[in-house]
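# What the coordinates show
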Protein chains: 2
Amino acid sequence: MRLNACLAAMPGGYLFGEIGRRVRAYEPGAPRPIIHLGIGDVSQPLAPAITEAFVRAAREMGTPQGFHGYPPEQGYPFLRQAIVDADYAPLGVRLDPDEVFVSDGAKTDTSALPELLAPDARVAVTDPVYPAYVDANAMAGRLGRHENGEWSDLVLLPCHPGNGFVPELPGRQVDLLYLCYPNNPTGTVLTRAQLARFVEYALETRTLILFDAAYKAYITDPAIPRSIYEIPGAQQVAVECCSFSKSAGFTGMRCAYTIVPKALTGEVDGRSVSLNALWARRVACRQNGVAYPIQRAAAAALSPEGRAQVDAQVRAYLDNAHRIVRTLQGAGLEVFGGIHAPYVWLRTPEGHSSWDFFDLLLHEAQVVATPGSGFGPAGEGHLRLTAFNSAERTQEALDRILAVLR
Amino acid sequence: MRLNACLAAMPGGYLFGEIGRRVRAYEPGAPRPIIHLGIGDVSQPLAPAITEAFVRAAREMGTPQGFHGYPPEQGYPFLRQAIVDADYAPLGVRLDPDEVFVSDGAKTDTSALPELLAPDARVAVTDPVYPAYVDANAMAGRLGRHENGEWSDLVLLPCHPGNGFVPELPGRQVDLLYLCYPNNPTGTVLTRAQLARFVEYALETRTLILFDAAYKAYITDPAIPRSIYEIPGAQQVAVECCSFSKSAGFTGMRCAYTIVPKALTGEVDGRSVSLNALWARRVACRQNGVAYPIQRAAAAALSPEGRAQVDAQVRAYLDNAHRIVRTLQGAGLEVFGGIHAPYVWLRTPEGHSSWDFFDLLLHEAQVVATPGSGFGPAGEGHLRLTAFNSAERTQEALDRILAVLR
C-alpha cells in the first residue's frame, strides 16, 4: 500500500503534543504544582442551565418516548434556529437555518472546509496562526514542500507590532484565506474598516474567506465586528466557523457550527456552484451529526438564562486577561491582545527565543505558556498566555513570572 | 475560488437522503402510519446501565471537581482499555490501548482513513456496498469519472447468490480494500477460511484492508470471526472499524472506534512507515475527540452489567431479523442474510426493479425499505430490510408486505 507522502513528511508533532511531552518530562521533579496558561482549555464547569438541559436530555435517551437515534447530519432544527435567532439576529445579520451546519468542533470544520476547493487550491494564512489550519492543509498536499521551516506553496501574511497585527492583503491570487478574529494566538482584533478591506478584496478577487470566530464572545466593544457577515457582501465570499467551546465552556462537550451562506458560490469549469450545496453533500456523506443531548446543552447555552450564565464565565476569563496585560505591562514587558480576547501575546525578554522562554517559565516559574514560534515564523520571540485558568491561579502564575523576571 | 470538481460532479443525493425525500413527499397523504425498515437506525432506548453512567457524567460536567475539558484526541485511556479488555481479549486478540482510536462514528473513520494513502490510491469495494465508502472516495477524487452509473477507477467485487455473496479477490492491484462483515447491506457473513483468504491475499499483495465490523455484535456462532484480527497476520494488513451504534444503541450518541495496529506498515518512496503513527498525527490535527460523558456511557456498555443489557437488545433485533427471514421465505421470496446480522436482503419479485419495489411497498404497504440498487449495480433487483424496529411493528410490516404480495 502506497501511503500519503505529505502526511508521512509532516515535520515534528502537533504543537500542543510537543508542549505536553516537555511538561510530562519535567513535572515529576517539579518543586511545586505547575500552572497551565498554555493550551486554550477552559476551567469553569458547565453553567447550571446547560447542565440541567444536558442531564434532562441524557435521561430522555434512556426512555422509549425520549430516545433519539441518528441526528440530522446538519444539526437539529431547534439548535440551528436558536443560533440564527440568538447569535446573528441581534447583529442585524439575517441567516436561514439551512445555512447553519452543526459539527463536533471548529477544528473539524476549519480543517475539512478546504476540501470544498480544487486539489491545487492556494491557501493564505496570517502569521502567527493556529497551527491546525496549516497542518491540515499540509497533510492534504496543498502546501507543497517543507523547507527551512516554511511551506513552499503557503502564502503567509505576517502580523507584528510594526503593522499593528493587521495583515497585508495577499500579494498573489489565492483560493482560500483564513482569518481568525479575535485572533488566536495574538488576541488582537480587526476594526470594521479593517475587516471590510478583506471582504472587498475577496469580492474583487473571488477569494474564499474562512472566518474563524471561535472567540467572538470576548468582544465587548460593539464597534468591533463579531461576525464577518456584519460587513456587506461578506455572505458572497465567506464561511464562518463558530464554537461553543470558549463561549459556553464546551471544550469537553464537542459542539460547534459553521455558516455556509447560500449566496456563496465558486467556480467549476467556468460554472457557478453553490458552496452550501457542496458542503451539505459532503457532511451527509462523511459524518452522522452531533449527539442529541449535546445539541440540547448547546441550545441551553443560547437561552436567555444560559446566556446570562455563560456571559458571566466569559467576563471572568476576560478579567484574567486584563489582569495579565496590566501586570506584565507594569513589569516592562511588551504585551499585545488580551482586551477583546482570552489570549495575551507578549514579546520575550531580550535574547530569549520562544522555546527558551517557554522552558525558562516551565523550569523557574512552573508556568506553562505556548511558544510563539509554534504558531509560525513571525511568532518567534513571542509567547502566548491564556486567560482560561482561575483568577487565583492566574494571579499566582503572574506572581511567579514577575519573580523570574526580577 | 476554484472548487472541488469531483465533489461538484457527485451524482444524485446520498442514498438515504433520496429515500427521505420520497417518504416525506408521500407521508402526508398516507392512509396509515408508515413503518420504517429502511435506514439502519435503532429503536430501543439506551440500556439502564448506560443511561445511569451517562447522566452521572453529565452531572459531573457541571461541578468544579468533575468538569472535563478537551478530551484526549485518541480517546480516554479508561475507554480504550475497556475496548481492549472486553472486545478483544475474549477473542484471543492482544491489542495495546494505543492501537485504539475513539471517534464520533464509524462513518467518519471509514471515510477518512483513505487519507492515509497516496492521492492516486486504487480502491476496491464489494458490490453491493454501504454507499458512504464509495461517495467519500469519489469526492476526494480517488475514483475517476462517473459514467453509466459506474466509477472508472473503482474496483467492484460483485456479491450475489451465484457466489454465495463471497467476493472474488480483486483482479488487479489495489491499495485499499473495504470489507464489511457481517455485511451491510446483504446481512451475509464470511467464515474464518473465507476471511483468511483475504488476509493472505493482502499479505501477498501488500493491500490495506479496511474491515468494518460495525455489526459484529450480531454474530452468534463462534466459528464466524467477529474481528479480522482473529486471522493470523491480519494486524500487518488491516485496520478495523467498530461502533457502539448497533451494539449498544448509540446511533444518537456518536461513539465508535478504529483499531490501527502498530504492526501495520505501508510504503512511502520505498520506506516502511507506521500507519498507527500517521493516523495518530492526523487525528491530533483534525479533531478534538469525543465528549467525556459520551465516552463514560460507552465504557458502561462494555461493563458486565451493561453488556448483559445490550446483549438482550441485540437478541431482540436478531429475533426480528429471523422473523423477517422465516416469514418472507414462507411467502416464496428469495431471502439472504439476517442470521448473524440485523439486515435481510431479498430478491424483488419478477419484473420489479429495486426502486419500483421500494415505491410499491411505500405506496401499498406503507413500509419503507432500502432499494438494493442504491448500494451498487449488483444490488439491482434486491431490497434491504432492517431488523431495528420493534417486534410489533416488524410483525405488522411483514403482515402488510404479505398482503401486497398475495
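Counting starts from 1 at the beginning of each chain's written sequence and moves along it residue by residue. Chains and ligands are labelled sequentially in the order written, the chains with letters from A and the ligands with numbers from 1. For a predicted model such as this one, the threshold for reporting local features is a pLDDT of at least 70, and the threshold for listing and counting side-chain atom pairs is 80 or more; totals across whole chains, interfaces and linings nevertheless cover every residue. Note that the side-chain values use all heavy atoms of the structure and ignore hydrogens as well as water.

The subject of this paragraph is the overall build of chain A. Strands here mean DSSP runs of E at least two residues long; helices mean DSSP runs of H or I at least four residues long; both are numbered from the N terminus. The secondary structure content of chain A amounts to 13 helices and 17 strands. For 406 residues, the compact-globule formula gives about 22 Å, and the C-alpha radius of gyration of chain A, at 21 Å, lands near that figure. Oriented by its inertia axes, the alpha-carbon framework of chain A measures out at about 60 × 50 × 50 Å. A 1.4 Å probe rolled over the protein chains alone gives each residue an accessible area, and that area as a share of the maximum for its type sets the label: buried under 20%, exposed over 50%, partly exposed in between. Burial statistics for chain A: of 406 residues in total, 61% are counted as buried. In what follows, a contact means two residues having at least one pair of non-hydrogen atoms within 4.5 Å. Sequence separation of at least 24 residues holds for 73% of the intrachain contacts in chain A that already meet a minimum separation of 6. For this count, His and the chain ends are skipped, Lys and Arg are scored as positive, and Asp and Glu as negative. Positions of charges follow a simple convention, taking NZ of Lys, CZ of Arg, CG of Asp or CD of Glu. Of the side-chain charges in chain A, 36 are positive and 42 negative, and the distance between the mean point of each set is 3 Å. Each radius of gyration reported is based on C-alpha atoms, and the globular scaling rule is 2.2 Å times the count of residues to the power 0.38.

So, about the sheet that holds strand E8 (residues 208-212) of chain B. Residue and element names in this part refer to chain B. If you walk across this open sheet you meet the seven strands as E2-E10-E9-E8-E7-E3-E6, and the pairing is mixed. The sheet is open, and its two edges are formed by strand E2 (100-103) and strand E6 (154-158), each paired on a single side. Pairwise comparison of adjacent strand axes, ignoring direction, gives a mean angle of 20° for this sheet. Strands are labelled as partners when DSSP assigns at least two bridges between them. With five bridges connecting them, strand E3 (residues 123-127) and E6 associate as parallel partners. Its bridge partner being in E6, Asp127 is matched across the sheet by Pro158. Fitted lines through C-alpha atoms give the axes, limited to the stretch in contact for helices. The angle between two N-to-C directions lies from 0 to 180 degrees. Docked against the sheet, helix H7 (residues 192-205) engages strand E7 (176-180) and E8, running at close to 150° with respect to E8.

Another point: the packing of aromatic side chains. Residues and elements named next belong to chain A. To pair, rings of Phe, Tyr and Trp, with the six-membered ring standing in for Trp, must have centres within 6.5 Å; the planes then decide the type, stacked if under 30 degrees apart, edge-to-face if over 60, and tilted in the middle. For the structure shown, the criterion picks out 31 aromatic pairs over all chains. Here a set of aromatic residues connected by ring pairs shows up, and it is made of Tyr215, Tyr218, Tyr317, Tyr343 and Phe388. Any Lys NZ or Arg CZ found within 6 Å of a ring centre and within 35 degrees of that ring's normal is scored as a charge over the ring. Note that Arg22 overlies the ring of Trp355, its terminal NZ or CZ placed 4.0 Å from the centroid. In this structure, Arg296 is placed above the aromatic ring of Phe78, and the distance from its NZ or CZ to the ring centre is 3.7 Å.

What follows deals with the pairing of strand E7 (residues 176-180) of chain A. Residues and elements named next belong to chain A. The buried count for E7 comes to five of five residues, which makes it a mostly enclosed element. Judged by which residues are buried, E7 turns out to be covered on both faces: Leu176, Tyr178 and Cys180 on one side and Leu177 and Leu179 on the other are all buried. Examined bridge by bridge, strand E3 (residues 123-127) and E7 share three bridges and lie parallel to one another. Residue Ala124 lies in a different strand from E7, and its bridge partner there is Leu177. Pairing analysis gives five bridges linking E7 to strand E8 (residues 208-212), with the strands arranged parallel. Within the sheet, the bridge partner assigned to Leu177 lies in E8 and is Ile209. Classification remark: right-handed applies to a crossover when, strands pointing away from the viewer, the course from the first strand over the helix to the second runs clockwise. This β-α-β element, E7 to helix H7 (residues 192-205) to E8, shows right-handed connectivity.

Below, the discussion takes up the sheet that holds E8(A). All names here are of chain A. Pairing in this open sheet of seven strands is mixed, and the strands run E2-E10-E9-E8-E7-E3-E6 from one edge to the other. On the outer flanks of this sheet lie strand E2 (100-103) and strand E6 (154-158), each paired with one strand and no other. Neighbour to neighbour, the strand axes of the sheet diverge by 20° on average, direction disregarded. Across the sheet, helix H4 (residues 77-88) is in contact with E2, strand E9 (238-243) and strand E10 (256-259); its angle to E2 comes to roughly 110°.

Another aspect to go through is the interface of chain B and chain A. Each partner contributes residues to the interface: chain B has 82 residues there, and chain A has 82 residues. Note: buried area is the sum, over both parts, of the accessible area (probe 1.4 Å) each one loses when the two are combined. Roughly 6,800 Å² of surface becomes buried between chain B and chain A when both sides are summed, with 59% attributable to carbon and sulfur atoms. Asp175(B) is the salt-bridge partner of Arg2(A), the closest N and O atoms lying 2.7 Å from each other. Where the side of chain B that touches chain A is concerned, the elements lending two or more residues are helix H1 (5-8), helix H3 (48-60), helix H5 (106-112), helix H6 (131-139), strand E11 (265-268), helix H9 (275-286) and helix H10 (292-301) of chain B. Looking at which element gives the most residues to the side of chain B that touches chain A, the answer is H9(B), with seven residues. Classifying every residue of the side of chain B that touches chain A by side-chain character gives 42 nonpolar, 22 polar and 18 charged. A carboxyl oxygen of Asp or Glu within 4 Å of a side-chain nitrogen of Lys or Arg is what we treat as a salt bridge. Side-chain classes are defined by residue name, with Ala, Val, Leu, Ile, Met, Phe, Trp, Tyr, Cys and Pro counting as nonpolar, Asp, Glu, Lys and Arg as charged, and the others, Gly among them, as polar.

A few words on the nonpolar core. The nonpolar core is taken to be a set of buried Ala, Val, Leu, Ile, Met, Phe, Trp, Tyr and Cys residues, with the residues joined through side-chain atoms within 4.5 Å. In this structure, Phe244(A) and Phe244(B) are the most contacted members of the largest nonpolar core, which totals 293 residues. If sequence neighbours within four positions are ignored, Phe244(B) has contacts with Leu79(B), Ile83(B), Gly249(B), Phe250(B), Cys255(B), Ala256(B), Tyr257(B), Ala298(B), Ala301(B) and Leu302(B).

Before going further, it helps to examine the side chain of Thr207(A). All names here are of chain A. Its location among the elements puts Thr207 in the loop between H7 and E8. The exposure class of Thr207 is buried, given its relative accessible area of 0%. A distance of 3.4 Å separates the side chain of Thr207 from the backbone oxygen of Val174, its partner in a polar contact. Here a polar contact means two N or O atoms within 3.5 Å. Within protein one must be a hydrogen donor candidate and the other an acceptor candidate, and residues neighboring in sequence count only if both atoms are side-chain atoms. There is a polar contact of 2.7 Å between the side chain of Thr207 and the side chain of Thr205.

Residues and elements named next belong to chain B. Considering the arrangement of structural elements, one finds Pro167 in the loop between E6 and E7. In this structure the C-alpha to C-alpha distance between Pro167 and Phe198, which are 31 residues apart in sequence, comes to 9.6 Å. Those residues in contact with Pro167, other than ones at most four positions away along the chain, are Thr126, Leu157, Pro158, Cys159, Tyr181, Leu190, Arg197 and Phe198.

Time to look at the pattern of salt bridges. Summed over the entire model, instances satisfying the criterion amount to 44 salt bridges over all chains. Salt-bridge contacts for Arg286(A) lead to Glu115(B); the nearest nitrogen and oxygen are separated by 3.0 Å. With Arg286(A) in helix H9 (residues 275-286) and Glu115(B) in the loop between H5 and E3, this pair bridges two chains. Judged on exposure class, the residue Arg286(A) and its partner Glu115(B) are both buried. Shared partners join several salt bridges into a network, and the residues in it are Glu115(A), Arg282(A), Arg286(A), Glu115(B), Arg282(B) and Arg286(B).

Residue and element names in this part refer to chain B. For strand E17 (residues 382-386), a buried count of five out of five residues is recorded, marking the element as mostly surrounded by other parts of the structure. Residue alternation in E17 divides its side chains into two sets, His382, Arg384 and Thr386 and Leu383 and Leu385, and both sets are buried. Relative to E17, strand E16 (residues 370-371) is paired through two bridges, and the arrangement is antiparallel. Across the sheet, Pro371 pairs through a bridge with Leu383, a residue of E17.

Moving on: the relation of the copies chain B and chain A. Alignment of the copies relies on least squares applied to C-alpha atoms, considering only residues that score at least 70 for pLDDT in both. In screw terms, the move from chain B to chain A is a rotation of 180° and a rise of 0.0 Å along the axis, fitting with an RMSD of 0.0 Å. Look at the turn and shift together and you get a two-fold axis relating the two. Taking C-alpha positions as the reference, the residue of chain B nearest the rotation axis is Val55(B), at 2.8 Å. In this assembly the copies share their binding face: 100% of the residues contributing to the interface of chain B also contribute to that of chain A.

Glancing now at the domain arrangement of chain A. Residues and elements named next belong to chain A. Residue ranges for the domains trace back to a domain assignment, done automatically or taken from a database. Looking at the assigned domains, one finds that chain A contains domain 1 (12-45 + 306-405) and domain 2 (51-303). Counting residues at the interface gives 31 residues for domain 1 and 41 residues for domain 2. Connecting domain 1 to domain 2 are one salt bridge. Taking the shortest distance from any N to any O, the salt bridge between Arg307 and Asp87 comes out at 2.9 Å. Run the count over domain 1 and domain 2 and you get 12 residue pairs in polar contact (both at pLDDT 80 or more). Of all the secondary structure elements, the ones that give two or more residues to the side of domain 1 that touches domain 2 are helix H11 (304-330), strand E13 (335-337), strand E14 (343-347) and strand E17 (382-386). Per-element tally for the side of domain 1 that touches domain 2: the top contributor is H11, with seven residues.

Counted residue by residue, H6(B) has nine buried out of nine residues, so it is predominantly covered. Buried within H6(B) are the following residues: Pro131(B), Ala132(B), Tyr133(B), Val134(B), Asp135(B), Ala136(B), Asn137(B), Ala138(B) and Met139(B).

A word on the packing of helix H11 (residues 304-330) of chain B against helix H13 (residues 391-405) of chain B. Residues and elements named next belong to chain B. Following both chains from N to C, one finds H11 and H13 inclined at 15°, their axes separated by 10 Å at the closest point. Overall, the two elements H11 and H13 adopt an arrangement that is roughly parallel. The two elements H11 and H13 meet at a crossing, and its hand is right-handed. In this structure, H11 contributes Asn320, Arg323, Ile324, Thr327 and Leu328 to the contact, and H13 contributes Ala391, Thr394, Gln395, Leu398, Ile401 and Leu402. Under this scheme an angle from 65 to 115 degrees is roughly perpendicular, one under 35 degrees roughly parallel, and one over 145 degrees roughly antiparallel; angles in between are oblique. Left-handed describes a crossing whose near helix is turned anticlockwise from the far helix through less than a right angle; right-handed describes the clockwise counterpart.

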